[in-house]
Each structure stands twice: as structure tokens, then as C-alpha cells.
Amino acid sequence: MDENQYYTVLACVALSVGAIPSSTVTVAATQSSYNREDAFHLLESFRTSPNVAQSCITLIGARSHIFEAVDVTGPTKLYALQCLHKFVKSSYSSLASTDASSLRDAVLRSIAEHGKVGHNGSDFVGSKMSGLLGELVLRDFPQRWTNFAEDFKGLWETSDGAARLCMEALAAVTEDCTDSDFNSKIATKRRNEVMKGFNEISSSHLLPQIFEFCSRQFNVLTTAKGTKNAMETHLSSAGRNPNQHEQQLYDDEKTKISIAGKMLETSLVMLNNFCLQMPLEWMSNTTYDFVSVFLLLMKEKSSSIQIHAISCLHSLGSRKIEHAVWFRLITSIPPAVAAAEQEAATDSLVMKLQFHRKLSKMLSHIVSGNIALITTDKEIMSCSGQKYKLMGQYFSLMTDMLQHPSGVICSEQVAMWTLLFRDPQIVKNKLIDPFIPALLAALLKHLVRIRWSDVEDGTHIQLDLIDASWDDNDEYDSWMTDMRSKSSLLFRFMGNSDPKHASAAIYRHIFELISNHGNGEPMDHIDSSTNRLTTSSEAVIKMEGVQLAMDNILQGIPSWALNSDGTPGERDNRIQIRSSVRSSLSQLASLIVSWKPNDVWLKLRHACMLQTVVYIWKYESTTLLQGVDILLSYLCAKDECSHTSLREDMRLSDDVTGLRRRSGLAVVSVGKRVPELLLPWLDELSARSLSILSTEKLFAPNQMHLYEFLSCVANAIDDSAKRSAFVSDVLSGSIGTLESNECTEAFSSVEGLMKALGIYQASGNPSFVNNPTSVKEVSDRFGRMFSAFNQLLSVGKRCSQAAKKRGLPMQNASSNAPMSLSLDSAFALPPDEGPLSINELALNNAFVPLWPRLISPLLQALDTVLKLCRPEYQVRFFLDPCQCYMYAISDDEAYLATKRKDACGGVFGPNGTAGSIVSGINRKQKNLLPRWSCWLSELRNGCLQLLGMMSEQRVLYSPEFSPYYPSLVQVLLNQESLRSMEHRHIAQLMKQFIEPMIITCPSPLYHSHVAPLLCPLFDHLNMRITSSWAPLVGNSPTKHIMKALTSEKCVSFARASTNISDEWFHAYYARGGLFVGDLDPVTSEAMTEKVRLEVTRVFADMLMSAFALKGEWALVLANICKEEQALKKNDLSLLNSVPGTQVCNDGETRVNADGTERIRNQTDVEFRQLARIKAMLKFLLLENETIAGPIVIFFINGLSYPDGYTCRRCIKLCHRVTETCAPDPAYTEILGKRMFEAAIKSIVLEAKWMVGIEWDMIALVRDIYCRLVLGQSLLPGAQGAGQQTGLEADGVTFVQSKNAANPLLGGGVLCLPSDIPREVLASLPGVSVDDVRALEKNLKENMSAKDQKDALRDLLRIAADNVKNAGLNLGGSQEKEESVLHQKTLQASIPDIPEQLIINSQVNKDASSPDIPLGGLDTLFGP
């Protein structure tokens, strides 16, 4: 670089960074002028100049750079370093070894010179230099930079500044070589070589330098701090200010403290990387004991040194360390923490918050990451001896930290305590029982919400600490939600592990709460308008805070601690614990029942507590009736405002409404859990309920709660006739309502329903919709109709649940069902696997006798509601500005489509969608317009749920219902109604009726009952979903038809709909049939997307359930697998084990694979369900083409829908189809061509939405190819290695797999191999016939799943590259970094180097192991 170039570069740099005020600059030496744009282009061209490396070395080696009296040293050196970085990345590998060595030496000299200059502030140039040094190390060390150790040591010893830059470079290199985020940057071999090189020089060069440096800087720091403190003490005792000389000396000491602190901070950042990734011997060897360094630095507050020291210990403890190192941490950390606390004794909690938080997290990880070291230490597990004592001191330190006023300290430990409680050995040995009281007390304290208004007002006693812990109320609420979620399981574990203390502690805590706040004391934050407590009142906050703990502790207490009767030979301590637990909980129940709060909010908390007390009443029911009476009284609570008297038509306050709702839920919960205990008082409860219903003005939900409660209790009656009579009596009013003239007229025709809902009257009379009298009359009428359906549905569900627990009516169950099930079992169907009469079903389900009276009004109501969507009605009513809103979506549906992260307050909150459909009007206002769509949805869904319940109760298949079955099919699948349903309606039809019907129908009735429904439905669904996705996945140019219909366009839509053709329906499905009223365009588009995804996903999920891939049938298969594993391991206790996320049960109750308790006769039920699973697979795929065709086409199309959820499920379903149908030649074309092509297309196009699904899709390709071409059978889901079948005598035909008739075990193969998949592969761009032959050879020689999928991946990558080069993937493709096909083709930016790495330790090892001469082998084992 000559002088002219030098000043030109300086001028351009000065102009670019704004170091000179003018917009142009002139270089005196060349008389050339440059503006900013010229300067930018010149600097860019300089980067690629031939001698850029030499020029940049010159620039960074100079002490300063001055242009026209302006110092541009920093910007110039930064620019030069950027140029060098670019040169190293692009051209360094092409340098000769001598040139590379010269460049390294020049960089080292520059760093040495730079390090001699003190940098008390930010050192951006130094950081760039250390980064450049790191890049050189990654490329050359150790093979090409053999003298790195000496160069490193020499540079380190130049100055402390140079040592700091060396450490920054080491930290960066260590992270680059070990962090998975940099896998694509550095080749694997190169990373390993660098790490081996570091390990080789660690004990001779790295660790001694680092240890000595830390020691020296610590001495400088402590000396400077001592001198500074002595100066302050001297001046304070002299009572004067420092003079100029003294002030200079004082500032010098402060500078020393700052510089030494930053040096230590840099050291710890580097050592933290070493702790995470380098050999553990680096940190814990006897010569250079860095663990002691970390422990010592924990008390040093300067420059966040103690925080970084804790981070190093955290990183070390998170690894799998040896027991000796781990126990050293256990014993050494408590004294180090005590020393640190003593050093900072005068500091406030706010100043120490970050330290305490890091410390709590580190302490937790040292335990949670090494639980195996605890359980394998006999002395610790024996709960005696010195080790146990030291372990106890460690736990005591942790429990002491739990008492910290800030909850964030406690939350760092919750996961660790949960892991300890999950370990059965630790719980059994009661290792942590002594610490449960402190843990429980801390959780009870921190789960009480902080009144954030006190924080905002500045009146909270811990204001500064709370401000330091959380940024705002939203962050605190998020933390509290997470804390409560994690604590729930911990409370259960504590109740299960130490029921005696947990029950006594929760009793004492609630006793203190009721004693201190039971009457609302201290009566703060009162609502002035009602003179009531509010949610901000201290009494309400404290009562709310204990609910979670009480609920989960009571659920966690084991049954043996609550049962009044013990077991023979029971241990004495269990008897004592039971006595204590029962006494505490009996007192707790009496305390809560005897509490008489006066305020509404306290009553709400009281109702929640009573709902939880049911876990006590189950074992001790003395206060049960009294508690139920209190809940019934709360059910009809009234507003008690002293300043005004409420008129009868005025709404109750939200507080009282909430109390009624909570009380209703509580009374239903009590009825569900202890119905047999309430049975003796059924008459009294019935009378009381009827009295409430007749004398009190209850909301419809509360009426439903009463009916549910009574039905739950009634289901405990043993006599089926009495049980049915009682339920019939309870629901007589609801059935009478449906049979009344009002409902009959409403459901008899579309016009009748419109009149009942006030839609008809609004035509030409817009004022009708907001007339208070009209609104009340119509609303009350709908309330009566819908309440009847809702009460029937609620009571029916309770009866079904009780019947399921009681056991289904089965004939000769014990003789037909095998003792244990297996997937290859062959057995005859029992007699009851077919139609059962209503009388037979009524023996078990009290609701069944009501169906004959319900069927006609139910079908009539559903038929009328479905007719409203027909095109002729839409065209008619969209012309009316009021009536059109009955087709609109609701505000709630619009809100669910928004997916707003900042949503607060729900639909009616500040970010809600209330009043967005009917502009400015929501359903809470006295207006009918926003209510119509909600009412119609509720009627439609209620009817469909009742039909689903009818199928679950098997009434649908009874002889008595057979005359109505054609009517049911006609109502639901009438082509006019079916085609005109919106997506959201047909999704509800599938979820609420079709899926339950598929699961519950007896297998002999598939052709008579299932086929009439599925044949037209599946054909229609395939057409509907295809039309819905066509604008997105096809070549359709009509994407505008996807926009939902709005209010301003509904009239033009109606006038244009003169011809209702197939094109009309295709457009209708493309927008999901949606009418969104006045909704904004963004939310409208989101709603359209939501319903498209919903209908597709619901269809896929329904078929997943039908194919036993999810839901109830999948649980059957999981239970069979669990039982087979238990038998295989000869460990029947596995049948009683629950998943790890649940609290252990008593070990005696058998549970399902999902952890739920098995019901009576469940083996008999599963026996029938397994028969249905096998029959359903054949029925859907092999016995009825009109059903199988649409199903398989949907699966194939679903492989290309841009929705990961649907695609994953369609892949699983395609596997099931392949397993079932591969042996059938009729399926060869559709599997080998259409499905195979669709799967390959999805892989080859590498669409963005396919990220994460590629391997699943490749597994499907493998499944099809192996079965149809290679004669290899696989396990279900294409798991495991391929099993090659043999050949018949003709040498062409494969022998069929033994599991061909049982897809659940893997299915079979196509005996006569097909060439269709071969032709598909050979037709791919860039793939030749020879490539396909090579693939087949590979697949036959290597039959493991991984090898075969890798082989397919390599072949498909050729096609993907050709497709991309041809520009055929117009929808946008994946980047190479995220592409599965190109994972092994990515080239690292820092590649391997050819030189072989030979290290001293390897040479010494080879020298110490001489070759044994071949002739001496005969005497190797003696003569």
C-alpha cells in the first residue's frame, strides 16, 4: 500500500463513519474528491484487491491513523480487520505455507501491540482481533501451526491485554468446535483435531497460563480493594475530603479494580466454555484446581465475577461428573456461599438478587443432573453417617433459599424437587422427608399472588425487589401461571410421600387463614358501590392462594392413609400415620364446613374448598350432607346490595353469577365422586332441588347442574328399574318441553324455527331485533328449548359415565373373553356383540328408556336446523340486511381465529372481537342480531351430541330404533343438506356423531349401520376437501374465491346465485361456506384458513381413530403391548405402573397405558374392541369400494396439503393402508403409482412446510417399495429392518408373509412383484434405470431401516436437484441447511485439512506397545 492509497482509504473511512462533517472529502495527495457513495464503492473494491491482506496488516499494525487532524484509528482498524476476516474465509486456504505463517505472525504482533494499550472501556478492535486469531486457529491448529503453544505462551506473556485477547479467542474456538449450532461451519474431523490439540497442550501451556493469570489478577484486585478501603477509612476517620494527589491515587486504585475485574470476568467466560465442553480433568486436577478458584470467586462482587463463577460451577455440575468431584461440590459450596453472604452482609436483597437466582439454579442442577450419584451412594441412602449429614447441609441451604422474599428464587428449584420425588428409591428411603416442611411452607407463601396495584402505586413493602424480579404485571402473571403449573405435581408428591405432615400443615395453614381473614379482615380494597370485597382484597388473595395446594395435596395422599380399615400385618408406623392423617383431614373438613363467610368473594373461595373436600368425604363423610347443603344455598345466591333494591328483571352482578357457576360445578363434582354416600339422602336432596327449581330464579346452567347432580346420585341406585324411574322423573320437565306445542311448532318447519327465534319478524322490521320486549321474549323461548336439549345431554353423559364404571351389559363375558389379549389372537364373537334391546341396555344405563320419546323431536329439530343452510334459503335471506346475520360466525369464533399473543380478557377484552361481526353490537347487548348464529350453532351441536350419545349408549343399534334409522340417514346425509353445510358444521358432525358411531358400532352391524352413513359422507368429504384446498395446491387461478363473504357483498352474492351448480358449491367450499359479517379482512382470512384446516384435520383424526392410530382403540393396542412387555419381562408390577408424569398409585391397582384406572370388565370390553378394530380395517379398505375409494384418495391428496398436522396423519394412515392392502393386487396401481408418486413428489419438491416431515415421508416410500417390489415385510409404521420373504418354486413369486392377514402385526407383501414403483423412480428427473437397479441392490443387501432410508434419500436428492435447477418448484423450496436430502452434501466453511494429526500421547502409546513377533504367538499363553 503506497501513501496515496493509504490516505485515500483513510479519507473514505472517515467519510463513511461520519468522522468529518462535510458530505465530500478531498485527498490532498491525489487531489481526488469523493462523496459517500464513492467512498462506499471504493472501500468495497479494496476488499477484493490483490494485496488486501498485506495492506490490512499494515493498517492494524499502526499505532494510530489521523486524517486532516481527525483520529480515525478505531474505524480504520475495524475496517481492516473486517477485510482480513473476509480474506481468511475466502482465500486463506490457497496461501502457501510460508505466506500463511507470515500472516499468523503478523496477526500475533498486532495483538501484542494492541494489548499493551490499556482499554478500560469497550474494546471493539480487540474483539475483532481475537475473532481473527480464532479463525486462524480453527484452520491451521495443530497440524499446520505446530508451534502454536509457544506462540500462544509468548503472546500471553506480552501483556495482560494480550492475554485477555488470547482468552477471548480460546473461548470462541471452544464454542465453535463444541456447540451444535456451528456443525455446518466446521467439518467434524477438523473440530475433533482442534480439540485433541488443545487437550495435548493443556497441561503444559494452557492451564498453567490461565491459572497463573487468574491468581495474579485476583491478587491485584484484592490488593487494590484493600488499599481503596484503607484510603476511605483514613479519610473518614480524619473527617476530610481527599486532596488532589490523594484523589489521583484513589482513582488509580479504582482503575486497577475495574481492569482486574474485567480480566477475571473474561477468564471466567472462557473457563465456563471449558467447563461445558472440555475434559473434566482440566477443571478438577490436583495441580491446577479451578474448582477452588470458582468457589473462592463466588464472594467477589466486582464486574459480575461471582455470577460468572457460579455459571462455571453450574456448567460443571450439569455434566456427568465422577462421584468424588460431585460430592466435593456438595460439601464445598455451602461454606463458600456462607463466605459470600458474609462478604455482602450489608448489601440489599435487590443488589444480591441476580446472585441468589443464579445460585439457586446452580444448586438445583448439581442435584438434578446427578441423581444417580445419590441413589448409588449407600451411606447417603441409609440416611446416616457423615455423607448424609453433608448432603443434608446442602439441602438445608437450598430450603433456606426457598424462604427468599422473591418467588423467582423458589421457582428455580421446583423442577429439582419434583425429580427427587419421582425417584422411588429416594422416596422409599425418606431421604428428603426432613425438608418437606420448609418446601411446603415456601410454596404456600409464594403461590399467593402479589397485588400488583401496590407495586404500581409504590406502596408494596418489597417494591424494589419485585421490580428487579419482574418487568411488569404480564411477566409476573406468566411466571405465576408457570409456577403453579409446576407446583401442582410437587404438592401431590409431598402428599403422597409424607401424608402425615402434608395433611397437618394444610390444616394449620387453612385454620390460620380462616381465623385471620374468615370475615374479610382487614377489609381492604372494598368496592364502594357494593360495599363488598374485591379480587384485590387481602382476604380473597390469601384464600385463593391456598386452593391449588389443598386440592393437589388431598389428591396426592395415598388411599392407605385414608381408609378406616387397615390390612392384616400392617406396619405400626402406617397405623400411626393413618390415625394422624384422618384426624387432621377430619378437622379440616369440619373447619371448612363450619366456616360461614358473608362476602360473595369469600363464598366463592368457600365453594372451591368444598369441592376439594370431596377427597376427604370419600373416606370420612360426617360433614358431607352439610357441605352439599351449603353448595345448594350458594347455587341460589342473591345480590345483597345495601344501597339499592334490585328489580326482578335486572341481571345479577358478575360476582354472584360467578359464585353460582362455581357452586354448580362443585355440587356436580361432589355428586360424581361420592354418589353412593349421598344415596341414603336422595329423597331429601331431590326435594331440596325441586324446591330450589320451583322457588328460585336459576340460570339455565345452574338448573342443568342440579339435574346432573341428582342423576349422578341416582346412578348409584342398585335397582335398575328404580334408577331409570328416578332419572326419568328428573328429566320429565325437559322431555315435556320438547313435546310441547311451542317446540313442535318451532321444529316442524324452517319458517316455524325462524319465527321462534325472531328471524322471521325481523324481515322489513329492523326495530324488532333491538326491542327490549321482543328480545326478552325470544331469548326466553330459545332458553327453554335449548335448556331441554342441554339438560338431557348433561344427564345422559353422567349416566353413560356411571354405566361405563359399572361395566357394560355382557352375556357370558367370562366364558368368551380370553384371560389375556394378543394381536394375533383368534376368537369367536360373544352373543352381545350385536344389537341389544333397550330393555337390556337399560339394566346398565338409566337414561336409555328415555330415547323412544326423544328420537322424533330430536330428528325433527336437526332436520330443520340443517335445512336453513340450503342454497335456496341462503339466496333468500342474504337479501335482508338483518336476516343475513343468522348465517354469520360468532364473535367467539372470530376470536379463536386471531391467535393473538397479546390477548387479554378474552372476547370482551381490549384485544377481543366482541362487536366485530355485527359492527358495534355484541351478544351481551339487548339485540338479536349477534345471538342468532350462536343459537343455531348451539341447537345444531346439541342435537349432534345427543346422536353421538345415542350411539355410545348403543341405542342406535337396538331393534327398537331400526324403524327410525332410515330417517336418521336421510336427515344427516340428504344431499341437499349435506352439500350446503359449512365446513365448521360438517366438522362437528364428524366429531360429535360419526366418530363415536364408528367406534361403538358392533362389528356384525358394519354393513347395515355404518355403510349407509359412510358411503355418501366420505364421497362428499373427499370432494369438499379437494375443492377447499384446490386454490392452494392446484393450478387454479381463482384464489379470490377463498375470501369469506362479508355484509357488503352478501346482496350481490345472493343476486348472482341464480344457478346453483357444481361451480357454485366449489366456490362455497373454497371459502368454507363462511359469512363473516362486518369482520375485518385480516381476521376473515384467518377464519377461512382455520375452517379449512379444521375440516381436513377432523376428517384425518376421525380416520386415525377408525384405524386404531389414536383414541380409544389405540389405547386398547397400547394396553395389549404393555401386557406383553410385562409378561416378557416376567414383571407383573409393570401392569400397575403409571407414566412418569403422574403420582405413583398404591401399586395394587391395575392401570391403563395412559395411567387411568381400569374399569370393571375392561378386559371383556377390550376383547370386543380388538375384534372391532380388525373388522373395521377390512370393512373400510377391503369390503366396500365406495368407502375405500374416497378414503385412500384423501390419504394420497393429504400428502401434498401444505399442513404438517394433516400430512403427518395421512402418512400414518397410508402406512396402515399399505399394511392392509399390499397383498391385494387390486391395490397395486393405487399404492405403487398414485400414493408412491404423491409421497415422492412431496419429498422432491422440498417445500417449506415439509420441514420436519421428510423422514416420515421417506419411510412411507420405503414401505411401499419394499412390499410391492422387493417382497420385504416390515413392522407396523415401517419400523425396524425389512424381513425378506422367500420365493416360490417359479423363482418369481414371493412367499406371503405370515402376518398378511393381520395388519396390526405388520401385514404382508405383494406376492407377484410390481414394476410400477420402479417406473415411477426411473421417470424422475436425472434418475436412470441403472440408478434404480443400484438402489434395489442396496435395499436387498442392507435391510436396516436407516440404511434403506439413506439409500432412498440419496436417490431422491438427484431428482430434487434436477427439479430445482429446472425451476419446477414454484412454491418455494427449503434451504440446503434445512433440507434432509442435502444433509450429507453440505460443505463446511472450514473444511478438513489433509495433514494427518499425530500427537505426543499417541506416539508414546505406540512406543510403549511394541509389535509381538508372529513366531512368538505359540508361547503367548505359556509352554
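Please read all numbers here as calculations on a predicted model, not as lab measurements.

Reading the values: rules and limits
- Residues numbered from 1 in each chain as written.
- Predicted model: local features only at pLDDT ≥ 70, side-chain atom pairs only at ≥ 80, totals over all residues.
- Heavy atoms only, no water.
- Helix = DSSP H or I, 4+ residues; strand = E, 2+ residues; numbered from the N terminus.
- Rg over C-alpha atoms; globule rule 2.2 N^0.38 Å.
- Buried < 20%, exposed > 50% of the residue type's maximum accessible area, 1.4 Å probe, protein only.
- Areas by Shrake-Rupley, 256 points an atom, 1.4 Å probe, with all protein chains shown as cover.
- Lys, Arg positive; Asp, Glu negative; His and termini not counted.
- Charge placed at Lys NZ, Arg CZ, Asp CG, Glu CD.
- Axes fitted to C-alpha atoms, helices over the stretch in contact; angles between N-to-C directions.
- Parallel < 35°, antiparallel > 145°, perpendicular 65-115°, else oblique.
- Left-handed = near helix turned anticlockwise from the far one by under 90°.
- Contact = heavy atoms within 4.5 Å.
- Nonpolar A, V, L, I, M, F, W, Y, C, P; charged D, E, K, R; others polar.
- Expected span 1.5 Å × (residues − 1).
- Bend = angle between axes of the 7 residues up to and from the residue.
- Phe/Tyr/Trp six-rings, centres within 6.5 Å; stacked < 30°, edge-to-face > 60°.
- Lys NZ or Arg CZ within 6 Å of the ring centre and 35° of its normal.
- pLDDT = per-residue confidence, 0-100.
- Salt bridge = Lys/Arg side-chain N within 4 Å of Asp/Glu carboxyl O.
- Polar contact = N/O pair within 3.5 Å; in protein donor to acceptor, adjacent residues only side chain to side chain.
- Pairing = 2+ DSSP bridges.
- Disulfide = S-S within 2.5 Å.
- Patch = residues over 30% accessible without salt bridge, like charges linked within 9 Å, V, L, I, M, F, W, Y side chains within 5 Å.

Counting secondary structure elements, the protein chain contains 62 helices and eight strands. Relative to a compact globule of 1423 residues, whose C-alpha radius of gyration would be 35 Å, the protein chain shows 39 Å and is just as compact. Counting only C-alpha atoms, the protein chain reaches 105 × 95 × 90 Å along its principal axes. Residues counted as buried form 53% of the 1423 residues belonging to the protein chain. For the protein chain, the accessible surface area stands at approximately 61800 Å², while carbon and sulfur atoms represent 51% of it. Taking the average place of the 139 positive charges on the side chains of the protein chain and the average place of its 157 negative ones, the gap between the two points comes to 2 Å.

Another point: the packing of helix α8 (residues 160-178) against helix α10 (residues 244-277). A packed helix pair is summarised by two numbers, namely the angle formed by the two axes and the spacing between the axes. At a minimum axis separation of 9 Å, α8 and α10 run at an interaxial angle of 25°. Put simply, α8 runs roughly parallel to α10. The interaxial crossing formed by α8 with α10 has left-handed handedness. When α8 is examined against α10, the residues Asp-160, Gly-161, Arg-164, Met-167, Glu-168, Leu-170, Ala-171, Thr-174, Glu-175 and Thr-178 are found in contact with a partner set consisting of Met-263, Thr-266, Ser-267, Met-270, Asn-273, Phe-274 and Gln-277. Classifying every residue of the contact of α8 with α10 by side-chain character gives six nonpolar, seven polar and four charged.

Quick look at helix α49 (residues 1006-1033) now. Count 3.6 residues to each turn of an α-helix, and residues three or four apart come out pointing the same way. End to end, α49 covers just 35 Å across 28 residues, shorter than the expected 40 Å (1.5 Å per residue, more than 12% under). Its maximal kink placed at Leu-1014, α49 deviates by approximately 30°, while the proline Pro-1016 follows within four residues.

Applying the stated criterion across every chain yields a total of 44 aromatic pairs. Taking 6.3 Å as the distance between ring centres and 45° as the angle between the ring planes, the aromatic pair formed by Phe-148 and Phe-198 counts as tilted. Here Phe-148 is found in helix α7 (residues 148-156), whereas its partner Phe-198 is found in helix α9 (residues 188-238), with 50 residues between them in sequence. Each member of the pair Phe-148 and Phe-198 is classed as buried. Relative to Tyr-965, the ring of Phe-961 has its centre 6.3 Å away and its plane inclined at 85°; by these criteria the two rings are edge-to-face. Residue class for Phe-961 comes out buried when judged on its relative accessible area of 1%. Given the relative accessible area of 6%, Tyr-965 is considered buried. Here a set of aromatic residues connected by ring pairs shows up, and it is made of Phe-878, Tyr-885, Tyr-887, Phe-1053, Trp-1064, Phe-1065, Tyr-1068, Tyr-1069 and Phe-1075. A cation over an aromatic ring shows up here: Arg-979 above the ring of Phe-1065, its NZ or CZ 4.1 Å from the ring centre.

Here we take up the confidence of the model for the protein chain. Averaged over every residue, the pLDDT of the protein chain is 88; the share at 70 or more is 92%. Segment residues 642-650 is flagged for pLDDT under 50; beyond a separation of four residues in sequence, or across chains, it makes three contacts in the model. Here residues 1409-1423 is modelled with pLDDT under 50, and outside its nearest four sequence neighbours on either side it reaches one contact, counting other chains as well.

Next up on the list: the environment of Ile-1243. Along the chain, the position of Ile-1243 falls in helix α57 (residues 1228-1245). Taking the C-alpha atoms as reference, Ile-1243 lies 7.5 Å from Ile-1258; in sequence the two are 15 residues apart. Beyond its immediate chain neighbours, meaning those up to four positions away, Ile-1243 contacts Met-1257, Ile-1258, Val-1261, Leu-1356 and Leu-1381.

In this section: the side chain of Asn-1022. Counting through the fold element by element, Asn-1022 comes out in helix α49. When its relative accessible area of 12% is taken as the criterion, Asn-1022 is described as buried. Beyond its immediate chain neighbours, meaning those up to four positions away, Asn-1022 contacts Pro-1190, Ile-1193, Phe-1194 and Asn-1197.

Bringing the pattern of salt bridges into the picture now. Across all of its chains, the model carries 60 salt bridges by this definition. Note that Glu-135 and Arg-139 form a salt bridge whose closest N and O atoms lie 2.4 Å from each other. Of this pair, Glu-135 and Arg-139 both sit in helix α6 (residues 124-140), four residues apart, which is roughly one turn of that helix. Grouping residues by exposure puts Glu-135 and Arg-139 together as buried. Its salt-bridge partner being Glu-1219, residue Arg-1216 comes within 3.5 Å of it at the nearest N-O pair. Placement of both Arg-1216 and Glu-1219 in helix α56 (residues 1204-1221) is noted, with a separation of three residues, approximately one turn of the helix. Of the two residues, Arg-1216 and Glu-1219, neither departs from the other in class, the shared state being buried. The structure contains a network of salt bridges with shared partners spanning Lys-1346, Asp-1350, Arg-1353, Asp-1354 and Arg-1357.

Glancing now at the environment of Ser-669. Note that Ser-669 resides in helix α31 (residues 654-673). In this structure the C-alpha to C-alpha distance between Ser-669 and Asn-573, which are 96 residues apart in sequence, comes to 33 Å.

Bringing the side chain of Ser-469 into the picture now. Within the secondary structure, Ser-469 sits in helix α24 (residues 463-469). The exposure class assigned to Ser-469 is buried, which follows from its relative accessible area of 5%. Among the polar contacts made by the side chain of Ser-469, one reaches the main-chain carbonyl oxygen of Leu-465 at a distance of 2.8 Å. Apart from residues no more than four positions distant in its own chain, Ser-469 is found in contact with Leu-353, Arg-357, Ser-406, Val-408 and Glu-475.

Below, the discussion takes up unusual backbone geometry. In this structure, Pro-142 follows Phe-141 across a cis peptide bond, with omega equal to 0°. Inspection of the secondary structure puts Pro-142 in the loop between α6 and α7. Cis peptide bonds are those with omega within 30 degrees of zero, and the linkage from Glu-521 to Pro-522 qualifies with 5°. Secondary-structure assignment places Pro-522 in the loop between α26 (499-517) and β5 (526-527).

For helix α42 (residues 851-867), with 17 residues, the first-to-last C-alpha span of 24 Å sits near the 24 Å given by 1.5 Å per residue. Here α42 lies mainly inside the structure; 12 of its 17 residues are buried. Listing the buried residues of α42 in full gives Trp-851, Leu-854, Ile-855, Pro-857, Leu-858, Leu-859, Ala-861, Leu-862, Asp-863, Thr-864, Val-865 and Leu-866.

We now examine the packing of α6 against α8. The interhelical angle for the contact between α6 and α8, taken along N-to-C directions, is 50°, at an axis separation of 8 Å. When the axis of α6 is compared with that of α8, the two are oblique. Helix-helix and strand crossings are classified by hand; for α6 and α8 the assignment is right-handed. Facing Gly-126, Ser-127, Ser-130, Leu-133, Gly-134, Val-137 and Leu-138 of α6, the residues of α8 in contact are Leu-165, Glu-168, Ala-169, Val-173, Asp-176 and Cys-177.

Here the focus is the pairing of strand β7 (residues 1272-1275). Strand direction decides the pairing type here: β7 and strand β8 (residues 1279-1284), joined by three bridges, are antiparallel. By the bridge assignment, Ser-1273 is partnered in β8 with Gln-1283. Counted along the chain from β7 to the antiparallel partner β8, the turn is three residues long, and its residue Gly-1277 has a positive phi close to 75°.

What follows concerns the pairing of strand β1 (residues 24-27). Here β1 shows a buried face lined by Val-25 and Val-27 and an unburied face lined by Thr-24 and Thr-26. In the sheet, β1 pairs with strand β2 (residues 32-35) via four bridges, with the strands oriented antiparallel. Residue Val-25 lies in a different strand from β2, and its bridge partner there is Tyr-34.

This brings us to the state of the cysteines. Within the structure shown, the criterion is met by zero disulfides. Not part of a disulfide, Cys-1311 finds its nearest cysteine sulfur in Cys-1221, a span of 14 Å. Since its relative accessible area comes to 23%, Cys-1311 is described here as partly exposed.

What follows covers a positive patch on the surface. Residues Lys-618, Lys-672, Arg-673 and Lys-805 make up a contiguous surface patch of positive charge. With respect to the helices and strands, Arg-673 occurs in helix α31. Residue class for Arg-673 comes out partly exposed when judged on its relative accessible area of 43%.

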